[in-house]
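Structural overview
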Amino acid sequence: MRVSNTVLLCFLATPYLTFLCNGLQYTEYVEVEYNENGEGVAYPEYPTYPEYPDYQEYPDYPEETTRRPCASSTAKPTTTKPAPTTTKPAPTTTTAAPTTTTAAPTTTKTTPKPTTTNPPAPTTTTVKPCEKTAKSDIMEVLDASSSIGETNWGHQTKFAADITQAFKIGPNDIQFGCLIFNNETTKIFDLKTFSDKTSLYNKIRSIAYPTNQGTFTYRALRKIREEGLFSPFYGGRPGASKIVIVMTDGQSSDKAKTISEAELLKKSGVTIIAVGIGSEVDTTELKAIATDPNKVFSAENFTLLDVIKKELVNFTCEQTGRS
């Protein structure tokens, strides 16, 4: 069975053209086919329909030439623009750092510190050497009580050692001996022990601080007198002037005995020079120990011993040769 193209077109046509299909005439034709027995069978053919008239063509409408831009695509670049702005504030934080370092030098200007180290500096360079060639035997007596302390002990031994460097040392010139005292008296060396400046200086500077209590000054004076430390047995020389330099930072443990022993020693022909160090000394006692008030020297503290060193050396130099 075949369907005419005309009929098919009517079914497929749009509704407004269906009215044409109703008025069309069918043309019938027969097509012969054969069955299994070889007999021809004629089937009616669908009529043919006339061709439809040409439809009126509608005018073509122009295509849209202006296209709206996609809103979502144009918005993307705007989100990336603020990113660089966040990096700009970073350099501003680094500029504040140098301002904090400028204040540091102002705190380091501590001018008082160097002043504490200056007083001990001028030592033997400011002391005029004693040029006398007369013989003198000098005994240095150092306070080694517990009130001195390790630091001040160093100042005292340096002071005593520096004094010796102003004199010509030898058996025909000046000889030095040394004692230290606290609750006991210890002889460090005799008058005849050293005959050169270097050995004498090093020995005094190396005396260890004993840290014993007590200021028994009279025991040191008694030892000199009773043991005859100015005698020839310990290096004393006949006709040489005998001088004792006593150093102390306070009052003696027995003032009466100290004054008594000082008087006995002075009667034996010994000149005593008293050196008081610090604010705790008893000036009246120092004057009683010394041969006369002119032979008393004082320093406010151990660092100021160099201030009186020149005067003490000059005075001691004047006493040499006097028997």
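From a predicted model like this one, the values you see are computed outputs, not experimental measurements.

A closer look at helix H10 (residues 217-227)
Residues that lie three or four places apart on an α-helix share one face, since the helix turns once every 3.6 residues. Inspection of H10 places Thr217, Tyr218, Ala220, Leu221, Lys223 and Ile224 among the buried residues, and these make up the whole buried set. On its buried side, H10 packs onto strand E3 (136-143), strand E4 (174-181), strand E5 (185-189), strand E6 (241-248) and helix H11 (255-267). Positioned one or two residues after H10, Gly228 has a phi angle of 65°, which is positive.

Observations regarding the sheet that holds E3
Judged by pairing direction, the sheet is mixed, and its six strands sit side by side in the order E5-E4-E3-E6-E7-E8 without closing on themselves. For this open sheet the edge positions go to E5 and strand E8 (296-299), each flanked by a neighbour on one side alone. Between one strand axis and the next, the sheet turns by 20° as a mean value, whatever way the strands run. Sheet analysis places E3 next to E4, joined by eight bridges and oriented parallel.

Thoughts on the pairing of E5
Looking at chain direction, E4 and E5 are connected through four bridges and run antiparallel. Bridge pairing in E5 links Ile180 to Thr186. Between E4 and the antiparallel strand that follows it, E5, lie three residues.

Details of the side chain of Arg237
When you line up the elements, Arg237 lands in the loop between H10 and E6. A polar atom in the side chain of Arg237 sits 2.9 Å from the backbone oxygen of Asp173. When near neighbours in sequence (up to four residues on either side) are disregarded, Arg237 contacts Lys135, Ser136, Asp137, Gly170, Pro171, Asn172, Asp173, Ile174, Gln175, Phe230 and Lys242.

A short note on H11
With 13 residues, H11 extends 19 Å between its outermost C-alpha atoms, agreeing within 8% with the 18 Å of an ideal straight helix rising 1.5 Å per residue. By the burial criterion, the buried members of H11 are Thr258, Glu261, Ala262, Leu265 and Lys266. Buried residues in H11, looked at end-on, bunch into an arc of 135°, giving them a common side. Turned more than 90 degrees away from the buried face of H11 sit Ala256 and Lys267, all of them exposed. Buried residues along H11 sit in contact with H10, E6, strand E7 (270-277) and helix H12 (283-289). One or two steps after H11, the chain reaches Gly269, where phi turns positive at roughly 95°.

Rules of the game
Residue numbers here run from 1 along each chain, matching the order of that chain's written sequence. Per-residue local features are limited, in this predicted model, to residues with pLDDT of at least 70; the limit for side-chain atom pairs, both in listing and counting, is 80 or more; totals at the level of whole chains, interfaces and linings are taken over all residues. Side-chain calculation: all heavy atoms of the structure are included, whereas hydrogens and water are not. Between buried and exposed lies partly exposed: a residue is buried under 20% and exposed over 50% of the maximum accessible area for its type, with that area taken using a 1.4 Å probe on protein chains only. Runs of H or I in DSSP of at least four residues are treated as helices and runs of E of at least two as strands, each being numbered from the N terminus. Contacts between residues were defined by any pair of non-hydrogen atoms, one from each residue, lying within 4.5 Å. Pairs of strands are assigned from DSSP output, requiring at least two bridges between the strands. Interaxial angles span 0 to 180 degrees and are taken between N-to-C directions of axes, which are lines fitted to C-alpha atoms, for helices over the stretch in contact. Any pair of nitrogen or oxygen atoms within 3.5 Å is treated as a polar contact; in protein, a donor-acceptor pairing is required on top of that, and neighbouring residues in sequence qualify only through side-chain atoms on both sides. Take the residue count of a helix, subtract one, and multiply by 1.5 Å to get its expected span. This arc corresponds to the set of directions leading from the helix axis out to the C-beta atoms.

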